[in-house]
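Geometric and topological summary
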Amino acid sequence: MSLLVNIVLLSFLVIMAIAVLRIKNLLAMAMLFGLYSLLVAGLFVVLDAPDVAFTEAAVGTGISTVLMLVTIASVRDSHEVENKGRNSSLALLLSVVMGVALMYGIHDIAELGDPTAPAHTQVAARFIESGQAETGVPNLVTAVLASYRGFDTLGEVTVVLTAGLGILLLLLRSEKPRVKGKKKDAG
Amino acid sequence: MEIYYLAAGIAILVSMALGVARAVLGPTVFDRILAVNMFGTKAVLLVSVFAFFSGRPDILDIALLYSLLNFVGVIAALRLVERGKHYANSFSREDLEDEEENA
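Parameters at a glance
- Residues numbered from 1 in each chain as written.
- Chains lettered and ligands numbered in written order.
- Predicted model: local features only at pLDDT ≥ 70, side-chain atom pairs only at ≥ 80, totals over all residues.
- Heavy atoms only, no water.
- Helix = DSSP H or I, 4+ residues; strand = E, 2+ residues; numbered from the N terminus.
- Buried < 20%, exposed > 50% of the residue type's maximum accessible area, 1.4 Å probe, protein only.
- Contact = heavy atoms within 4.5 Å.
- Areas by Shrake-Rupley, 256 points an atom, 1.4 Å probe, with all protein chains shown as cover.
- 1 Å grid on protein atoms, 1.4 Å probe; cavity = no way out; pocket = protein on both sides within 12 Å on 5 of 7 lines; lining within 4 Å.
- Points joined across faces, edges and corners; volume = space filled by probe spheres on them.
- Domains from an automatic or database assignment.
- Axes fitted to C-alpha atoms, helices over the stretch in contact; angles between N-to-C directions.
- Parallel < 35°, antiparallel > 145°, perpendicular 65-115°, else oblique.
- Left-handed = near helix turned anticlockwise from the far one by under 90°.
- Nonpolar A, V, L, I, M, F, W, Y, C, P; charged D, E, K, R; others polar.
- Salt bridge = Lys/Arg side-chain N within 4 Å of Asp/Glu carboxyl O.
- Expected span 1.5 Å × (residues − 1).
- pLDDT = per-residue confidence, 0-100.

**A look at the overall build of chain A**
Summing up its helical and strand segments, chain A has seven helices and zero strands in all. Buried positions account for 27% of the 187 residues belonging to chain A. Partitioning the intrachain contacts of chain A with sequence separation of at least 6 by distance along the chain shows that 53% fall at a separation of at least 24. Entry remark: accessible area of chain A is about 12,500 Å², with carbon and sulfur atoms responsible for 69%.

**Digging into the layout of surface pockets**
Residues and elements named next belong to chain A. Approximately 540 Å³ is the volume attributed to the largest pocket. Around the largest pocket, the lining is made up of 17 residues, and of these Asp51, His120, Val141, Val144 and Arg149 lie nearest the centre. Secondary-structure elements contributing two or more residues to the lining of the largest pocket are α3 (50-75), α5 (118-135) and α6 (140-148). Among the elements that make up the lining of the largest pocket, the one with the highest residue count is α5 (five residues). Taken domain by domain, the makeup of the lining of the largest pocket includes at least three residues from each of domain 1 (1-80) and domain 2 (115-178).

**Overview of the packing of helix α1 (residues 2-25) of chain B against helix α2 (residues 29-53) of chain B**
Residue and element names in this part refer to chain B. Interhelical geometry of α1 versus α2 gives an angle of 160° and a closest axis separation of 9 Å. Taken together, the axis directions place α1 and α2 in an arrangement best described as roughly antiparallel. Judged by the twist between their axes, the crossing of α1 over α2 is left-handed. Residue composition of the contact of α1 with α2, by class: 18 nonpolar, three polar and five charged.

**Regarding the pattern of salt bridges**
All names here are of chain A. According to the stated counting rule, one finds one salt bridge over all chains in the structure shown. For aspartate 152, the salt bridge goes to arginine 149, with nearest N and O atoms at 3.1 Å. Residue class for aspartate 152 comes out partly exposed when judged on its relative accessible area of 38%.

**Remarks on empty space enclosed by the protein**
For the structure shown, the criterion picks out three cavities of 30 Å³ or more. Within this model, the largest cavity holds a volume of roughly 100 Å³. Those elements giving two or more residues to the lining of the largest cavity turn out to be α2 (26-46) and α3 of chain A together with α3 (60-83) of chain B. Counting residues per element, the lining of the largest cavity draws most heavily on α2(A), which supplies five residues. A breakdown of the residues in the lining of the largest cavity according to their chemical character gives seven nonpolar, five polar and no charged.

**A closer look at the side chain of B:Ser48**
Residue placement: B:Ser48 occurs in helix α2. Setting aside residues up to four positions removed in sequence, B:Ser48 forms contacts with B:Leu60 and B:Ala63.

**Here's the deal with α2(B)**
Helix length check: α2(B), at 25 residues, gives a terminal C-alpha distance of 35 Å against a target of 36 Å (1.5 Å per residue), a fit within 8%. Phi for B:Gly55, located one or two positions after α2(B), is positive at around 70°.

**Regarding the environment of A:Val40**
Residues and elements named next belong to chain A. Locating valine 40 in the fold gives a position in helix α2. The exposure class of valine 40 is buried, given its relative accessible area of 17%. Through-space distance from the C-alpha of valine 40 to that of phenylalanine 12 is 10.0 Å; in sequence the pair is 28 residues apart. If near-sequence neighbours (up to four positions away) are discounted, valine 40 is found in contact with Leu13 and Glu56.

**Comments concerning the confidence of the model for chain A**
The share of residues in chain A with pLDDT of 70 or more is 85%, and the mean pLDDT across the chain is 79. No element of chain A has a lower mean pLDDT than α5(A), at 77, and none a higher one than helix α4 (residues 89-106) of chain A, at 90.

This is the structure:
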């Protein structure tokens, strides 16, 4: 069943990505993004990563969709501007090169749940053996996140805090930005 | 017992495909909002069925979270539609500009 769910959800993902690219109505696009994120979260559940699925569902489906909708409400224009004649071959080239590089990188990733993977044979044993004594945190996952990877987590928190402050400052502006050339009573 | 879960899972995937088709085809924003809402409900069902199928009922928590978030997202979208007349239309950009010139 996992294989079936994986195949179907991944093909939905591709359809959704193409649809997001082609749609010009921003409200519909925000809704499709929510759906996309829900699909990704479903895939995480099938991959046996419920904690990541939690985060993806809360951030991707919940907060991101609402923030995008609030942004659309602030700019008072629900349609994407078409850029005719813009050269996008460089972007295409970059995407293809990136995709090929990622495909190449997949070869080095260990199989899902492989007990002989380096991550399970080297660092994990040490965390399990001496994690409690070194950090004093009962939960091993918390110990790794908050102590062994403390700087990493601090950086993440800084990024999230900065992004949150930026969004708050933008949304709390009393004067909403207007699209160029629009009349005052158009919205 | 597994065959029932499998059948339920396939049925849910088929109805998910229908929801995806409606979300992509549109044509109005309301169709899409409804399709996304329905897809969210199907995702909750799929996660629940998958939880019992794989013998880990603790994944049910995620299904609960999905149903909560689904509600929040749809309410936010509908509020936005309610606030402005331009957000909910399916006009092209040219139609909008004509309308603004007349206003």
